[in-house]
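# Architecture at a glance
For reference, the chains in residue letters:
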Amino acid sequence: LFFIPLLPFIIMGRDIAMGIVGSLVVSAITLFIIGWYKGKATIGRPARSGAQMLLIGIVSALAGFGIAYLVGTPGW
């Protein structure tokens, strides 16, 4: 599963911007599917569980990006 966000970069080749957009879309879909399956396998509601997983994944990715931006080396 760790390679799923990397697939758009492999497919898009040298177009980094499209690779980023593709990676975000593929990651969001994957997070929702995993959450939906978790809700289906347990006693939860699949759509709500998928939305929660998607939201948690997006917020954690933004937090990680923000922290890396704040502590990152200028010029890199």
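The structure presented is a predicted model; accordingly, all values stated were derived computationally and were not measured.

## Notes on the overall build of the chain
- The helix and strand inventory of the chain stands at three helices and zero strands.
- Ordering the α and β elements of the chain from the N terminus gives α-α-α.
- Taking 2.2 N^0.38 as the reference for a compact globule, 76 residues should give roughly 11 Å; the C-alpha atoms of the chain span a radius of gyration of 15 Å, well beyond that estimate.
- Overall size of the chain, expressed as C-alpha extent along the three principal axes, is 50 × 30 × 15 Å.
- Counting only residues that meet the buried cut, the chain has 14% of its 76 residues in that class.
- Excluding contacts between residues fewer than 6 apart, the proportion of contacts in the chain whose partners are at least 24 apart in sequence is 8%.
- Surface exposure of the chain reaches about 6,100 Å², of which carbon and sulfur atoms provide 78%.

## Things to note about a nonpolar patch on the surface
- A cluster of nonpolar side chains, Phe2, Phe3, Leu6, Leu7, Phe9, Ile10, Ile11, Met12, Ile16, Met18, Ile20 and Leu24, forms an exposed patch at the surface whose accessible area comes to about 1,200 Å².
- Breaking the nonpolar patch down by element, the ones donating at least two residues are α1 (7–12) and α2 (16–41).
- Here the element with the most residues in the nonpolar patch is α1; it accounts for five residues.
- Assignment of secondary structure puts phenylalanine 3 in the segment before α1.

## Some thoughts on the side chain of serine 23
- With respect to the helices, strands and loops of the structure, serine 23 is situated in helix α2.
- Leave out the neighbours within four places in its chain, and serine 23 touches Pro5, Pro8 and Phe9.

What counts and what doesn't
Residues numbered from 1 in each chain as written. Predicted model: local features only at pLDDT ≥ 70, side-chain atom pairs only at ≥ 80, totals over all residues. Heavy atoms only, no water. Helix = DSSP H or I, 4+ residues; strand = E, 2+ residues; numbered from the N terminus. Rg over C-alpha atoms; globule rule 2.2 N^0.38 Å. Buried < 20%, exposed > 50% of the residue type's maximum accessible area, 1.4 Å probe, protein only. Contact = heavy atoms within 4.5 Å. Areas by Shrake-Rupley, 256 points an atom, 1.4 Å probe, with all protein chains shown as cover. Patch = residues over 30% accessible without salt bridge, like charges linked within 9 Å, V, L, I, M, F, W, Y side chains within 5 Å. Salt bridge = Lys/Arg side-chain N within 4 Å of Asp/Glu carboxyl O.

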